[in-house]
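Structural features, examined
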Number of protein chains: 2
Amino acid sequence: MSLNDLDERIVHALAEDARRTYADIGAEVGLSAPAVKRRVDRLREQGAITGFTVRVDPAALGWKTEGFIEMYCRSHTTPDDIHRGLSRYPEVAAASTVTGDADALVQIFASDMRHFEQVLERIAGEPFVERTKSVLVLSPLLRRYTAGPPV
Amino acid sequence: MSLNDLDERIVHALAEDARRTYADIGAEVGLSAPAVKRRVDRLREQGAITGFTVRVDPAALGWKTEGFIEMYCRSHTTPDDIHRGLSRYPEVAAASTVTGDADALVQIFASDMRHFEQVLERIAGEPFVERTKSVLVLSPLLRRYTAGPPV
DNA sequence: CATGAAAGTAAGACAAC
DNA sequence: GTTGTCTTACTTTCATG
């Protein structure tokens, strides 16, 4: 499956404003509204578009402390173990298994430093976690799109 | 500015599906459609909601290689220098200055390993960059919301 | 915050290229 | 296979109470 230029421009338009009308997007890319909708529907079926979401300002919502936790896990910990263990934390914004020294990198949003510390301690106490190393975000410089990719 | 329970539930509903109708959301939270719209408008004015975007599957769009670059910068590099330097790269999905050894943490999406390597080399060659350390994502386990925060 | 009317938008069926 | 036009139903929006 490959996206042609038209699909890319539609996704790009939706990335900037997911509530734009199909007619509006169509005017930009040179299609009628139904044609745009059909392509969006197809992109959803293909799994290229997984949904629409709101872009929020963490700080404005009271999540003023952001950080990353590098997790070092015990032997025989599966990615699925980590996923199950972390999905219970609403403070976990993202998590991936990674190459390098650590086993996983976990992005955290907390209301303040005290909250961050509590989350860190609870995660460090998970049975599959051997040790952790964490860094705090000083300034969020750049953030694009939901899942991160440049479209 | 603080969000009450109603606002939170509206943001949560939009986070799950930003194209839901106001009437639909209203039925869930117990408000009429105009009432929901007014709150959303107010949240946008306040900056709590910064926009609506599409949630895409990077892999389905051809961005199959994800990684993080820890940047060690030269002295006297400002966050603004980093922002200016990195915003030119479409492959940069997110970037933050952080505590710890590295100065900044940069999230990258590339089409493949070769592409990732090229981006890494170009970023490492930026005048404000002293050295880099990079990790590759093996499995993206969890991803929530646009800007990352739990709502 | 709800109601109701007007304007705008979505979605499906259809024909045409 | 994809597109554009049309029609219907729904949603949004703004005025008013």
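Source: prediction; values computed, not measured.

Now for the relation of the copies chain B and chain A. Structural alignment of chain B on chain A gives an RMSD of 0.1 Å, achieved by rotating through 180° and translating 0.1 Å along the axis. The transformation just described matches what one would write down for a two-fold rotation axis. The fraction of interface residues of chain B whose copies in chain A are also interface residues reaches 97%, indicating that both copies meet through the same surface.

This paragraph deals with the side chain of E91 of chain A. In this structure, E91 of chain A sits in the loop between α4 (79–87) and β3 (92–98). Within the local environment of E91 of chain A, its side chain forms a polar contact with the side chain of H115 of chain A, the two groups lying 2.8 Å apart.

Listed by partner, the interface residues are 63 residues for chain B and 62 residues for chain A. Counting each side, the surface lost to burial between chain B and chain A is near 6,100 Å², with a carbon and sulfur contribution of 60%. At the surface where chain B touches chain A, the tally comes to 0 salt bridges. Across the contact surface, chain B and chain A share 35 residue pairs in polar contact (both at pLDDT 80 or more). Looking at the side of chain B that touches chain A, the elements that each hand over two or more residues are α1 (5–16), β1 (49–56), α4 (79–86), β3 (92–98), β4 (104–110) and β5 (129–143) of chain B. If you tally residues by element for the side of chain B that touches chain A, the top one is β5 of chain B, at 9 residues. Its residues assigned to classes, the side of chain B that touches chain A comprises 41 nonpolar, 12 polar and 10 charged. Relative to β1 of chain B, strand β1 (residues 49–56) of chain A runs antiparallel, the two being bridged by 7 bridges.

A contiguous patch of positive charge, built from R131 and K133 of chain A together with R131 and K133 of chain B, is present on the exposed surface. Secondary structure elements with two or more residues in the positive patch: β5 (129–143) of chain A together with β5 of chain B. Looking at the secondary structure, you find K133 of chain A in strand β5.

Another aspect to go through is the protein's contact with DNA strand D. Around DNA strand D, the surrounding shell holds 14 residues, and the nearest of these are S32, R38 and R39 of chain A together with Y22 and K37 of chain B. Taken together, the sugar and phosphate atoms account for 63% of what DNA strand D places within 4 Å of the protein. Between a phosphate oxygen of DNA strand D and a side-chain N or O atom of R19 of chain A, the distance comes to 3.4 Å. Looking at the surface near DNA strand D, the elements with two or more residues in it are α3 (33–46) of chain A together with α2 (22–29) and α3 (33–46) of chain B. Of the residues forming the surface near DNA strand D, the biggest block, 5 residues, is contributed by α3 of chain A. Split by residue class, the surface near DNA strand D holds 6 nonpolar, 3 polar and 5 charged.

Below, the discussion takes up the confidence of the model for chain A. Summarising the model, chain A shows a mean pLDDT of 91, and 93% of its residues fall at 70 or more. For the stretch residues 147–151 of chain A, pLDDT sits under 50, and the model shows 20 contacts to residues farther than four places along the chain or on other chains.

Looking at DNA strand C, the residues that line it are T21, Y22, P34 and K37 of chain A together with L6, R19, L31, S32, P34, A35, R38 and R39 of chain B. Expressed as a percentage, the sugar and phosphate content of the atoms of DNA strand C within 4 Å of the protein is 72%. R19 of chain B places a side-chain nitrogen or oxygen 3.4 Å from a phosphate oxygen of DNA strand C. Interatomic distance of 3.2 Å between a side-chain N/O atom of R39 of chain B and a phosphate oxygen of DNA strand C. At the level of secondary structure, the elements contributing two or more residues to the surface near DNA strand C comprise α3 of chain A together with α3 of chain B. Ranked by residue count, the leading element in the surface near DNA strand C is α3 of chain B, at 4 residues. Taken together, the residues of the surface near DNA strand C sort by class into 6 nonpolar, 2 polar and 4 charged.

What the rule picks out here adds up to 20 salt bridges over all chains. Residues R88 of chain A and E126 of chain A are paired through a salt bridge, measuring 3.1 Å at the closest nitrogen-oxygen approach. Taken together, the residues R88 of chain A in the loop between α4 and β3 and E126 of chain A in the loop between α5 (113–124) and β5 connect sequence positions 38 residues apart. Residue E126 of chain A is classed as buried on the basis of its relative accessible area, which comes to 9%. The salt bridge partner of D5 of chain B is R9 of chain B, with a shortest N-O separation of 3.9 Å. Within this pair, D5 of chain B and its partner R9 of chain B are both found in helix α1, separated by 4 residues, close to a single helical turn.

Examined against the element boundaries, A35 of chain A turns out to sit in helix α3. On a C-alpha basis, the gap between A35 of chain A and A23 of chain A in space is 9.3 Å, while along the polypeptide they are 12 residues apart.

Before going further, it helps to spend a moment on the environment of V119 of chain A. Residue and element names in this part refer to chain A. Within the fold, V119 resides in helix α5. Residue class for V119 comes out buried when judged on its relative accessible area of 1%. Here the alpha-carbon distance between V119 and A18, two residues 101 residues apart in the chain, equals 32 Å. Those residues in contact with V119 that lie beyond four places of it in its chain are Y89, E91 and I108.

Parameters at a glance
Within every chain, residues take consecutive numbers counted from 1 along the sequence as written. Starting at A for chains and at 1 for ligands, labels are handed out in the order in which the entities are written. Under the rules for a predicted model, residues below a pLDDT of 70 receive no local features and side-chain atom pairs below 80 are neither given nor counted, while totals for whole chains, interfaces and linings still include all residues. Hydrogens are left out, water is left out, and the side-chain values use all remaining heavy atoms of the structure. Copies are brought into register by a least-squares superposition over C-alpha atoms of residues with pLDDT of at least 70 in both. The contact rule is simple, with two residues in contact once any of their heavy atoms fall within 4.5 Å. Secondary structure elements follow DSSP: runs of H or I of four or more residues count as helices, runs of E of two or more count as strands, with numbering from the N terminus. Counted as a polar contact is a pair of N or O atoms within 3.5 Å, where, for protein atoms, one must be capable of donating a hydrogen and the other of accepting one, and residues adjacent in sequence contribute only when both atoms are in side chains. Defined in terms of a 1.4 Å probe, buried area is the accessible area two parts forfeit on being brought together, summed over both. Salt bridges are defined by distance alone: a side-chain nitrogen of Lys or Arg within 4 Å of a carboxyl oxygen of Asp or Glu. Only Asp, Glu, Lys and Arg are considered charged in this grouping, and only Ala, Val, Leu, Ile, Met, Phe, Trp, Tyr, Cys and Pro are considered nonpolar; every other residue, Gly among them, is considered polar. Strands pair, by our definition, only if DSSP identifies at least two bridges between them. Only residues whose relative accessible area exceeds 30% and that take part in no salt bridge are eligible for patches, with like-charged residues grouped when within 9 Å of each other and nonpolar side chains (Val, Leu, Ile, Met, Phe, Trp, Tyr) grouped when within 5 Å. The Shrake-Rupley method, run with a 1.4 Å probe sphere, supplies the accessible areas, and residue values consider only the shown protein chains as cover. The charge count includes Lys and Arg as positive and Asp and Glu as negative, but it does not include His or the ends of the chains. Where a charge lies is defined by one atom per residue type: Lys uses NZ, Arg uses CZ, Asp uses CG and Glu uses CD. The cutoff for a nearby residue is simple: one of its non-hydrogen atoms must lie within 4 Å of the molecule or strand. Scored from 0 to 100, pLDDT records how confident the predictor is in each individual residue. Note on exposure labels: buried denotes an accessible area under 20% of the residue type's maximum, exposed denotes more than 50%, and partly exposed covers the range between, all computed with a 1.4 Å probe on protein chains only.

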